[in-house]
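# Observations on the model geometry
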Amino acid sequence: MKTSYLADVRGLQDGSRFKAVGWVMRRRSHGRLVFLDLRDSTGLLQVAVKAGVADEASLKAASMVGRESLVEVDGLVRTEARAPGGKELTALQVRVLSGVAQDFPLRKGVGAKVLWDNRHLALRSLRVSALMKIRARLLSALRRWFEENGFTEINCPSFITAAVEGGATLFKVDYFGKTAYLTQSVQFYQEAAIFGLEKVYSVQPSFRAEKSKTKRHLTEFWHVEAEIAHAGLSDMMGVVERLVGESSIQALQQSGEELRILGRKPRLDVLEPPYERIKYSEALEILESKGVDVPWGTDLGADEERVLTEGFEKPFFLTHFPREAKAFYHRIDPSDGRVTLSADLLAPRGYGEVVGGGERIFSLEELVARIEAEGLDPKDYEWYLDLRRYGSVQHAGFGLGLERLIQWLLELKSIKTATLFPRTRARIYP
Ligand code: 4AD
Ligand code: MG
């Protein structure tokens, strides 16, 4: 196993002996002086291979080595202001551990399609690594937040038998001759689990057969969901704003180097909770004032959300969606039968929905009536109805799209960039 990493040279005195193992990102030859930029998980190291210092075999190896070859360099550390990280390794010996079978296909200037078709190779770049490190920190900050606030992590199945978020985006699976689906959300299982655990969360993939091509839809995304017993809409928003705000700030604060690589400087002050709450009906007025007419009752799509959020610097909650715009399980507002006790968290500056959630119907009669009104069969939801038969409890929850959050925090044009191997309607390879 490798015991030292390229970034370790930064802590070493000039003249120290160091053995570097990394992949060749760039080679520049100036006759009998060759520079190699090596890459590993910790960053870049510039290696200078000079005639007279390195032996002849090493000089020859260095001047012929192909990009993405794996090499080992034994050398001496030297301060060099122009080198990345401020240190250079003067090679005494260069050994190619593993060469390349042919030229690396990803040259500077190749188009987006080539990069996505070769994602298994493109992910070696410093930018992709920086993104994935931030993603990992964000995920661990989210988990930490839940753990510190008394939530228990549960793991739920991905094969299911009935829709949570409507039939239009269900992926069908042949399950030993029976029809099953891939889960869109683990919400219903979480609703069952709160009777034993009261506050639960899950982190797992959700699947949506999204037919439209957009910059913010994946067919498989990582869903961070939570469900809370004895909670209403406002409790849920309180949890979401603290979870999103505190976890994001923490992850970004730990990622100075990665943000520099990505050329991003996200504002942390706008992430501080609390976030404003705006009703759906007020949002329609804002949209109207901007020349966008949305008939009452329709859900806001990506375009409307973009216009609505453009003028905002902070995220905000959009609340009280009409019942027609939301799935059947949303609790109707007892003080206004036209709307539900629901809320989406919208990211500012055009990014739009990052979290969706709200209070659930907890009365058996009301739930059956809503299922029937939606043209669904209560028999498909038998176990879900059971939860309202035995000690039903007021409860609320939400789902956060991890890639959506990353897309907004890091200002990514496409959601695909937020994930290692994106799945979209047009892409299931590599
Ligand atoms: O708003 P959605 O559909 O809500 C639910 O699934 C609820 N059952 C969650 C719950 O209450 N437990 O999805 C929740 C979030 C969205 O706000 C969005 O961030 C993300 O999941 N999301 C997607 N992300 C990427 N690609 C897609 N196709 C997505 N669909 C939803
Ligand atoms: Mg939604």
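Preceding block: the structure.
Note that the coordinates shown come from a computational prediction; the quantities given were computed from them, not determined experimentally.

How each quantity is defined
- Residues numbered from 1 in each chain as written.
- Chains lettered and ligands numbered in written order.
- Predicted model: local features only at pLDDT ≥ 70, side-chain atom pairs only at ≥ 80, totals over all residues.
- Heavy atoms only, no water.
- Helix = DSSP H or I, 4+ residues; strand = E, 2+ residues; numbered from the N terminus.
- Contact = heavy atoms within 4.5 Å.
- Areas by Shrake-Rupley, 256 points an atom, 1.4 Å probe, with all protein chains shown as cover.
- Lys, Arg positive; Asp, Glu negative; His and termini not counted.
- Charge placed at Lys NZ, Arg CZ, Asp CG, Glu CD.
- Near = heavy atom within 4 Å.
- Nonpolar A, V, L, I, M, F, W, Y, C, P; charged D, E, K, R; others polar.
- Salt bridge = Lys/Arg side-chain N within 4 Å of Asp/Glu carboxyl O.
- Buried < 20%, exposed > 50% of the residue type's maximum accessible area, 1.4 Å probe, protein only.
- Patch = residues over 30% accessible without salt bridge, like charges linked within 9 Å, V, L, I, M, F, W, Y side chains within 5 Å.
- Polar contact = N/O pair within 3.5 Å; in protein donor to acceptor, adjacent residues only side chain to side chain.
- Pairing = 2+ DSSP bridges.
- Axes fitted to C-alpha atoms, helices over the stretch in contact; angles between N-to-C directions.
- Parallel < 35°, antiparallel > 145°, perpendicular 65-115°, else oblique.
- Core = buried A, V, L, I, M, F, W, Y, C linked by side-chain atoms within 4.5 Å.

Right, let's get into the overall build of the protein. For the protein, the count of helices and strands is 12 helices and 18 strands. Along the first, second and third principal axes, the C-alpha atoms of the protein reach 85 × 50 × 40 Å. Taking the contacts inside the protein whose residues are at least 6 apart along the sequence as the reference set, 66% of them involve residues at least 24 apart. Working note: accessible area of the protein is about 20,400 Å², and carbon and sulfur atoms make up 52% of it. Each charge class in the protein can be summarised by its mean position, and for the 61 positive and 58 negative side chains these summaries are 10 Å apart.

To continue, consider the site of ligand 1. Contacts to ligand 1 come from 23 residues, most closely from Glu165, Gln187, Glu225, Glu353 and Val354. When ligand 1 sits alone it has 620 Å² of accessible area, and the protein chains cover 95% of it. Broken down by secondary-structure element, the contributors of at least two residues to the shell around ligand 1 are strand S11 (220–229), strand S17 (352–359) and strand S18 (395–401). Classifying every residue of the shell around ligand 1 gives 7 nonpolar, 8 polar and 8 charged.

In the structure shown here, the tally under the stated rule is 34 salt bridges. One salt bridge connects aspartate 74 with arginine 17, and the closest N-O pair in it is separated by 3.1 Å. Of this pair, aspartate 74 sits in strand S4 (residues 70–79) while arginine 17 sits in strand S1 (residues 17–30), placing them 57 residues apart in sequence. We classify aspartate 74 as buried; its relative accessible area is 14%. Glutamate 382 is the partner of arginine 389 in a salt bridge, and the nearest nitrogen-oxygen pair spans 2.9 Å. Residue arginine 389 is classed as partly exposed on the basis of its relative accessible area of 35%.

What follows concerns a negative patch on the surface. There is a patch of like negative charges on the surface, built from Glu276, Glu282, Glu285, Glu288 and Asp293. The greatest single-element share of the negative patch, amounting to 3 residues, is contributed by helix H8 (residues 280–289). Along the chain, glutamate 276 turns up in strand S12 (residues 276–279).

The residue glutamine 254 is located in the loop between helix H6 (233–253) and helix H7 (256–262) in this model. For the pair glutamine 254 and leucine 367, spaced 113 residues apart in sequence, the C-alpha to C-alpha distance is 45 Å. With sequence-adjacent residues up to four places away left out, glutamine 254 is seen in contact with Arg137 and Arg144.

This brings us to the side chain of glutamate 403. Within the fold, glutamate 403 resides in helix H12 (residues 402–409). There is a polar contact of 3.2 Å between the side chain of glutamate 403 and the side chain of arginine 135.

In this chain, proline 273 is followed by proline 274 through a cis amide linkage whose omega measures 5 degrees. By secondary structure assignment, the location of proline 274 is in the loop between H7 and S12. Omega for the bond connecting tyrosine 429 with proline 430 falls within 30 degrees of zero, at -5 degrees, which places this linkage in the cis form. Considering the arrangement of structural elements, one finds proline 430 in the segment after H12. A positive phi angle, near 50 degrees, is found at phenylalanine 176, a position not held by glycine. Relative to the helices and strands, phenylalanine 176 is located in the loop between strand S8 (172–175) and strand S9 (178–182). The exposed category is assigned to phenylalanine 176, whose relative accessible area is 78%. Backbone geometry at glutamate 411 places phi at a positive 50 degrees, although glycine is not the residue there. Accessibility expressed as a relative area gives 34% for glutamate 411, which makes it partly exposed.

Reading across from one edge, S7-S9-S8 is the order of the 3 strands in this open sheet, with antiparallel pairing throughout. Looking along the sheet, the strands with just one partner apiece sit at the ends: strand S7 (159–160) and S8. Sheet topology places S7 next to S9; 2 bridges connect them, and they run antiparallel. The residue bridging phenylalanine 159 from the neighbouring strand is leucine 182, located in S9.

What follows concerns the packing of H8 against helix H9 (residues 302–309). In contact at an axis separation of 10 Å, H8 and H9 are set at 80 degrees when each is read in the N-to-C sense. In this view, H8 runs roughly perpendicular relative to H9, as classed from their interaxial angle. Together, Ala283, Ile286 and Leu287 of H8 and Glu304, Val307 and Leu308 of H9 make up the contact between the two elements. Here the residues of the contact of H8 with H9 are counted per class, giving 5 nonpolar, no polar and 1 charged.

This part covers the nonpolar core. Counting 49 residues, the largest nonpolar core has Phe146, Val244, Phe398 and Leu410 as the members making the most contacts within it. Among residues more than four places away in sequence, those in contact with valine 244 are Tyr275, Leu345, Val355, Leu400, Leu405 and Trp408. Counting 21 residues, the second-largest nonpolar core is a separate cluster that includes Phe18, Val47, Val71 and Val73.

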